[in-house]
Amino acid sequence: MGTPARVDLDSEQSQVAHAEPEARSMVIAGPGAGKTEVVIERIAHLVYEEDVDPTEILVISFSNAAIDTVRRRLLEMDEHLDDVDITTLDSLALRILSYAGEDEEVKGFDRRIRGAADILAEGPVHELRNIRHVIVDEVQDIVGDRAWLTLALISRFDDSVGFTVLGDELQGIYDFQLPESVRRMTSIELMQQLSALGAGPPIELRGRYRFKSRETSAIADLGQRLRSLTGSAQLHELDAVGTQLAHMRDVEELAEVVSVWRGSTAVLCSTNGEALEIYDTLAQAGIPVVLRPRKSEAVIDSWVGEALAEWPRATISRDEFAGLAQFAPLPEGAWRALRWSAGSRGADLRVRDVAQGILRHRVMPPVAASPLTGVVVTTIHRAKGLEFDNVVVVLPSEYRRGLLGVTDRVRRGFVALSRAKSQIAVLDRDIQFDRIQKDERSGRWLRRGHKKWQTFGFELRGSDTRSAAPPVLSEASMVTLRSVRPRDPVELVLDPSRSTLTEPYYWVLRDGVEIGQTGVELAEDFRRCFGDISKKGYWPAGLSARVERLETLAGKAGDGAPQGLWLSPRIQSLAKIRWKDTK
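So, here's what we can say about the structure. What you see is a predicted model; the values in this text were computed from it and never measured. (Residues numbered from 1 in each chain as written. Predicted model: local features only at pLDDT ≥ 70, side-chain atom pairs only at ≥ 80, totals over all residues. Heavy atoms only, no water.)

Considered as a void within the structure, the second largest pocket measures approximately 620 Å³ in volume. Lining the second largest pocket are 28 residues, with G305, A309, E310, M478 and R482 positioned closest to its centre. Of all the elements in the fold, those that place two or more residues in the lining of the second largest pocket are α12 (302-308), α18 (475-482) and β22 (565-571). Residue composition of the lining of the second largest pocket, by class: 21 nonpolar, 2 polar and 5 charged. (1 Å grid on protein atoms, 1.4 Å probe; cavity = no way out; pocket = protein on both sides within 12 Å on 5 of 7 lines; lining within 4 Å. Points joined across faces, edges and corners; volume = space filled by probe spheres on them. Helix = DSSP H or I, 4+ residues; strand = E, 2+ residues; numbered from the N terminus. Nonpolar A, V, L, I, M, F, W, Y, C, P; charged D, E, K, R; others polar.)

Here the focus is helix α5 (residues 109-122). Along its 14 residues, α5 runs 20 Å from first to last C-alpha, staying within 8% of the 20 Å computed at 1.5 Å per residue. Taken together, the buried positions of α5 are occupied by R112, I113, G115, A116, A117, I119 and L120. Contacts from the buried residues of α5 go to α4 (89-99) and α6 (144-155). The first or second residue beyond α5 is G123, which carries a positive phi of 155 degrees. (Expected span 1.5 Å × (residues − 1). Buried < 20%, exposed > 50% of the residue type's maximum accessible area, 1.4 Å probe, protein only. Contact = heavy atoms within 4.5 Å.)

The sheet built from 6 strands is open, its strands ordered β7-β14-β13-β8-β12-β9 with parallel pairing. Strand pairing shows two members of the sheet lacking a second neighbour, β7 (246-248) and β9 (289-291), which therefore form its edges. The mean angle between the axes of side-by-side strands here comes to 30 degrees, regardless of whether they run parallel or antiparallel. Pairing of strand β8 (residues 265-269) with strand β12 (residues 375-379), which is carried by 4 bridges, proceeds in the parallel orientation. Pairing of V267 across the sheet is with V377, part of β12. Packed on one face of the sheet, helix α10 (residues 251-258) meets β7, β8, β12, β13 (388-395) and β14 (420-428) and runs near 125 degrees to β7. (Pairing = 2+ DSSP bridges. Axes fitted to C-alpha atoms, helices over the stretch in contact; angles between N-to-C directions.)

Moving on to unusual backbone geometry. Between P365 and P366 the backbone carries a cis peptide bond, its omega angle lying at 5 degrees. With respect to the helices and strands, the residue P366 is situated in the loop between α15 (351-359) and β12. In this structure, E138 takes a positive phi of about 55 degrees despite not being glycine. With respect to the helices and strands, E138 occurs in the loop between β4 (133-136) and α6.

Burial of β4 is two-sided: the residues H133 and I135 facing one way and the residues V134 and V136 facing the other way are all buried. Sheet topology places strand β2 (residues 57-61) next to β4; 4 bridges connect them, and they run parallel. When the sheet's bridge partners are listed, I60 is paired in β4 with V136. Where β4 meets strand β5 (residues 162-167), 4 bridges bridge the pair, whose relative direction is parallel. Bridge pairing in β5 places V134 opposite F163. The parallel pair β4 and β5, bridged by α6, forms a crossover whose chirality is right-handed. (Right-handed = clockwise from strand over helix to strand, strands pointing away.)

Attention now goes to the sheet that holds β4. Ordered by their spatial adjacency, 6 strands build an open sheet running β3-β2-β4-β5-β1-β6, and the pairing between neighbours is parallel. Of all strands in the sheet, those with a lone pairing partner are β3 (85-88) and β6 (203-205), marking the two edges. The average angle at which neighbouring strand axes cross in this sheet is 20 degrees, direction not considered. Pairing geometry for β2 and β3, over 4 bridges, is parallel. Residue L58 lies in a different strand from β3, and its bridge partner there is D85. Across the sheet, α4 touches β2 and β3, and the angle it forms with β3 is around 105 degrees.

Attention now moves to the environment of R227. Here R227 shows up in helix α8 (residues 214-227). Using a relative accessible area of 30% as the deciding quantity, one classes R227 as partly exposed. As for R227 and D168, which are separated by 59 residues in sequence, their C-alpha atoms are 9.6 Å apart. Excluding residues that lie within four positions of it along the chain, R227 makes contacts with I28, G30, P31, D168, L170, E204 and F414.

Right, let's get into the environment of V251. If you trace the backbone, V251 turns up in helix α10. For the pair V251 and L427, spaced 176 residues apart in sequence, the C-alpha separation works out to 7.7 Å.

Mapped onto the fold, Q454 is located in the loop between β16 (445-448) and β17 (455-460). Those residues in contact with Q454 that lie beyond four places of it in its chain are R447, R448 and G449.

V134, L149, L153, L190 and L194 are the most contacted members of the largest nonpolar core, which totals 35 residues. Looking at this core, the elements with two or more residues in it are β2, α4, α5, β4, α6, β5 and α7 (187-195). The element best represented in this core is α6, accounting for 6 residues. Leaving out residues up to four positions away in the same chain, L149 has contacts with L89, A93, I113, A116, A117 and L120. In this structure, V143, V290, V376 and I380 belong to the second largest nonpolar core, which totals 30 residues. (Core = buried A, V, L, I, M, F, W, Y, C linked by side-chain atoms within 4.5 Å.)

What follows deals with the packing of helix α9 (residues 231-242) against helix α17 (residues 406-417). Two numbers describe how α9 lies on α17: the axes approach to 9 Å, and their chain directions differ by 35 degrees. When you trace α9 past α17, the crossing you get is left-handed. For the pair formed by α9 and α17, the contact residues are G231, S232, Q234, L235, L238 and D239 on the first element and V406, R409, V410, G413, F414 and L417 on the second. When its residues are assigned to classes, the contact of α9 with α17 shows 6 nonpolar, 4 polar and 2 charged. (Left-handed = near helix turned anticlockwise from the far one by under 90°.)

As defined by bridge partners, β7 adjoins β14 across 3 bridges and the pair is classed as parallel. If you follow H247 over to β14, its bridge partner there is V426.

Nothing here speaks to function; it is all geometry.
Structure (structure tokens):
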């Protein structure tokens, strides 16, 4: 195997990346310090200089976005590095259960995590016996049962197996998940336990590769100061920096500013409800704006379905696939990504294997949809690991009212501010956001009225139009569906033929033409939120919303989906409810 071009590293990065395979390293990796470069070079060093086979390296990360980045960078370096085992803890837990023959018996992400940890507690997993080095990325985000699984996994390896654990305590903002866990281990406790397994003193990455302006460089300086302080002293430092930033009065001023900023822009909110409200406001103002999906959601790009859903044969060659570009543009790297999803080794691609790969969550860009262009509206938690030229932080009501603890305020504030490369500003929230409330029964965000019983808006999620099989659509509907663009307005209209007293179902209409249907997830959450209609006699007649994008769905090959692939409108919006007595 030839040695490809490698990345240049500073002294601290090199110390981590070029250690021997048996080394056990704890790495403090602040924002913009070049953590991803260290992970890539660590893998390359193990393979090319230490004769570690790619299959003997296990990389664990908290998010799919981080995994996609590492996998893409490795494939750009050398296709042989495709064999490096890169996974999330949730996927690894499912594999461990599968090795034990229990994957069909344990349902739910959290129960699978606990089940996998229990299996590891009983002894080593035979299928992981060849691992020689483990890399754990974003360790500060691993808490509770997932922290326990991580510790159980690494504890099962003998001293000949090294590890590289990277993270930053100052960016640990997931402790709020602890009450949902059986084992309430914090990320700090996990780092302490891992350090006790033979790691030397922590190595701090000190690079400042993200920050391009005086404002953002001050955030890097802030991080250094915060790590040397505790409690209220940290909060005082953070607030002092915040007072020096530009402040916006309202969403209208925000719309004016982001329309002229150059480069990528993100608006970071405290809650999904605030993100939905700002998204709708900016979209109505004509700003090209996008919502970032939940970390747990894998969105498959529409080009996959457009290219392959109606392919007439079982297999497609590379030349035949390239010929599809005359009908619609194909992204760079499309063929390689499809073959990876399908697990293909031969010259041709079995199209149905692509659908099966998607169902097994075996996806990478560009099969996994890239973020849409435009102003990104998302939460601080979903922005972890990302960077933007410009960032607007929406000052949360919990912060202003003192409802967050000091540690949470410091960590969330630092994470939000450190996403920016060039410009940072703060939006002081409007009072109208106080009507955006979360319904605890359904977990959905609502727009309430002045009176408690009034509900004028309901959160629609990207998964609400997903189903196990495609809806039956006419040719005219298919033409309209393919023409849908991001932020297009749509109407959801009650479907009496499918709706019952306990579950409402809706057609999705674009310009009066049916392009999709809602599924059981939305129906059940409507019932949880509003109850059944045995007394009042009607469901909402419809909802007004916006399409986020078209996506490709995968399922069993059959009628309407000969290759197991089809297109569907994906909707994320705080939809406006039309209440009407539809009996």
